[in-house]
Amino acid sequence: MNMADRIQNLRKAKGMSQEELADQIGVSRQAVSKWESGQSTPDLEKIIMISDLFEVTTDYILKGIEPVSATNKKTIQSLYWGFMIIFAAITGIWSFTANRFRFVECFFIILAGAAFGFGVGLIFQVAGSLFANRKM
């Protein structure tokens, strides 16, 4: 999807006509029509106004890059916590059942397991985002 398509989709999603969009940002309807047909592109000031009007980033309008939503952030946070708890539990159970470590040592082993789990979560996140962003 190119910038022309993104502008048109944003406008239609808000139920606006080309004339209504033009009035909102101070241009002619013909200018909006040319943007949406790809015959011309809006200047930077107009792109900023469009992003404010439709509550999207300028990166989305220009390049199609969508920001990470709050839901995705919560999912990523859950991933980290999940791996941290799993690895901390595994190392904790191992260190307690080994009967070779004092309580303080077990505590640090559990912290090390949690840190390792966090690292595994980070690796999964990076690998997932690389896979999701690759061009096909």
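Here, the structure is the one placed above.
Quantities reported herein were computed from a predicted structural model and do not represent experimental measurements.

Draft legend 1. Quick peek at the packing of aromatic side chains. A full pass over the atoms with the stated rule returns 7 aromatic pairs. Here the aromatic rings of Phe-107 and Phe-108 are separated by 5.7 Å at their centres, their planes lie at 70°, and the arrangement is edge-to-face. Residue classification places Phe-107 among the partly exposed residues on the basis of a relative accessible area of 44%. Given a relative accessible area of 52%, Phe-108 falls into the exposed group. An aromatic cluster of three or more residues is present, and its members are Phe-83, Phe-87, Phe-116 and Phe-124.

Draft legend 2. Inspection of the nonpolar core at higher detail. In terms of nonpolar packing, the biggest core is built from 14 residues, with Ile-7, Leu-21, Trp-35, Ile-50, Phe-54 and Ile-61 touching the most fellow members. Contributing elements (two or more residues each) for this core: helix H1 (3-13), helix H2 (18-25), helix H3 (29-37), helix H4 (44-54) and helix H5 (58-63).

Rules used throughout
- Residues numbered from 1 in each chain as written.
- Predicted model: local features only at pLDDT ≥ 70, side-chain atom pairs only at ≥ 80, totals over all residues.
- Heavy atoms only, no water.
- Phe/Tyr/Trp six-rings, centres within 6.5 Å; stacked < 30°, edge-to-face > 60°.
- Buried < 20%, exposed > 50% of the residue type's maximum accessible area, 1.4 Å probe, protein only.
- Core = buried A, V, L, I, M, F, W, Y, C linked by side-chain atoms within 4.5 Å.
- Helix = DSSP H or I, 4+ residues; strand = E, 2+ residues; numbered from the N terminus.

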